[in-house]
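Spelled out from the first residue to the last, the chains are:
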Amino acid sequence: MTYQDTVNWMFNQLPMYQKQGKSAYKKDLSNTILLANYLDNPQSKFKSIHVAGTNGKGSTSHMLASVLQEAGYKVGLYTSPHLKDYRERIKINGKEISKQFVLGFIKKHQKFFQENSLSFFEMTVGLAFDYFSKKKVDIAIIEVGLGGRLDSTNIITPEVSVITNIGLDHTQFLGNTLELISKEKGGIIKPKIPVVVSETQTDTKPVFIALAEENNSQIIFADQEDLINFSTDLLGNYQNKNKQAVYQAIKLLDDSFSISEKNITEGLNNVVKNTNVLGRWQVLQNTPKVICDAAHNAEGLKTTMRQLQKESYQSLHIVFGVVNDKNLSSIVQYLPKDAYYYFCAPNIQRAMSVSELKNKMLAFGLNGGKYSSVQKALNASKLLAKDNDVIYVGGSTFVVAEVV
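This one's a predicted model, so the numbers in the text were calculated from it and none came from an experiment.

Turning next to the overall build of the protein chain. Counting secondary structure elements, the protein chain contains 16 helices and 14 strands. Here the C-alpha atoms of the protein chain give a radius of gyration of 21 Å, agreeing with the 22 Å that 2.2 N^0.38 yields for 404 residues. With the C-alpha coordinates aligned to their principal axes, the bounding extent of the protein chain is approximately 55 × 50 × 40 Å. Restricting the contact set of the protein chain to residue pairs at least 6 apart, pairs at least 24 apart contribute 76%. Counting every atom, the protein chain has about 16500 Å² of accessible surface; 46% of that belongs to carbon and sulfur.

Okay, here's the thing in structure tokens:
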């Protein structure tokens, strides 16, 4: 198989949450443990930081990797989902895993994967851990895929765990209250391993404290500590809470890693250069200004729309698409009523149809037209927008993936 054949096989033959939704979610770690044992437990051969949360975990993971790279370490980074190429999920010092390594790994172990009906996530986590082990990284930043307690990544014993903001997302898997969701996310807290929580929330704080006490783990609420004033090249005011968590997590590494304040400053200011992160308040052009952001749930969009309203513009244009299980009533209150919307559907199986999206959004009082693709919607917005207007592209990671 070629590289593309290999990736297509992984996508099409095995359940993957991004494409299929609930049917891809396994409430069990036994397959991951089976795979890890088969691969000779690569996850035990490198140090790690585990990052969970509803919003901010991707940005936080990239910031952590960037700071550690600035300190001179060889840093693995595992994140999801990818925007353009599967290999974005697995990087060392900002460089994606090679096509050859992906190809060789699947070819060598395909029979085992098929015999044990391993999911896309399980295979990908196995690949990442095997790659980081073989390449002898000094440390790897491991972002949880979904939830925490039952996520395939949750077989590592990290140096520190980080939990970012908790919001109502993926409720069909994780529960429909913040308490239930935080219990799932808090499942990454390990015995005697410190945990940093980026945001103190009334509903989640008691859950995290109880889990930390149960595990005899030190717990730090980053927003309750002395606030740092470092800047970052990841734009958006919402990065402030992520920065605080990164700083506290880095401080907890003092015993085993040498990281200076300069490393932290340089790391936070060079996240894009060091990690090649995409889709985080990314400015695609300046005249008219086009911004895209991967925020896709109520908590994320609330913060991102607040940031958008601070932009200076004559008219606001929003290219918008979602997945078919999106509860629009939970997000519509945060969407600007004075914008013109270009409704579209990302090119995936799980996309909400443009007609359904438009009808629902018009019923909520938003104004706009429908377009047959994300690119056509963006092109139409550029034709209509004046130089001093702003165009925002978002609603789904998969919409952003088609424009970056």
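Taking strand neighbours across the sheet as the criterion, the eight strands line up as 4-3-2-5-1-6-7-8 in an open arrangement whose pairing is mixed. Pairing within the sheet leaves two strands with one partner each, and these edge strands are strand 4 (95-96) and strand 8 (219-221). Across three bridges, the pairing between strand 7 (residues 195-197) and strand 8 is parallel. Residue pairing across strands places valine 195 opposite isoleucine 219, the latter belonging to strand 8. Along the sheet, helix 6 (residues 120-134) contacts strand 2 (75-78), strand 3 (90-92), strand 4 and strand 5 (139-143); its crossing angle with strand 3, the most-contacted strand, is approximately 15°.

This part covers the pattern of salt bridges. Tallied over the entire structure, the rule returns 10 salt bridges. Salt-bridge contacts for aspartate 325 lead to arginine 350; the nearest nitrogen and oxygen are separated by 3.3 Å. Here aspartate 325 is found in the loop between strand 11 (316-320) and strand 12 (340-343), whereas its partner arginine 350 is found in the loop between strand 12 and helix 14 (354-363), with 25 residues between them in sequence. Overall, the relative accessible area of 37% leaves aspartate 325 in the partly exposed class. Exposure remark for arginine 350: the relative accessible area of 6% places this residue in the buried category. Connected via shared salt-bridge partners are Asp85, Arg87 and Glu96.

One can describe the packing of helix 4 (residues 57-70) onto helix 11 (residues 261-269) by two numbers: an axis separation of 7 Å at closest approach and a directional angle of 130°. Between helix 4 and helix 11, the interaxial angle falls into the category oblique. Helix-helix and strand crossings are classified by hand; for helix 4 and helix 11 the assignment is right-handed. Listed contacts from helix 11 to Met63, Ser66, Val67 and Glu70 of helix 4 are Asn263, Ile264, Glu266, Gly267 and Leu268.

Calculation notes
- Residues numbered from 1 in each chain as written.
- Predicted model: local features only at pLDDT ≥ 70, side-chain atom pairs only at ≥ 80, totals over all residues.
- Heavy atoms only, no water.
- Helix = DSSP H or I, 4+ residues; strand = E, 2+ residues; numbered from the N terminus.
- Rg over C-alpha atoms; globule rule 2.2 N^0.38 Å.
- Contact = heavy atoms within 4.5 Å.
- Areas by Shrake-Rupley, 256 points an atom, 1.4 Å probe, with all protein chains shown as cover.
- Pairing = 2+ DSSP bridges.
- Axes fitted to C-alpha atoms, helices over the stretch in contact; angles between N-to-C directions.
- Salt bridge = Lys/Arg side-chain N within 4 Å of Asp/Glu carboxyl O.
- Buried < 20%, exposed > 50% of the residue type's maximum accessible area, 1.4 Å probe, protein only.
- Parallel < 35°, antiparallel > 145°, perpendicular 65-115°, else oblique.
- Left-handed = near helix turned anticlockwise from the far one by under 90°.

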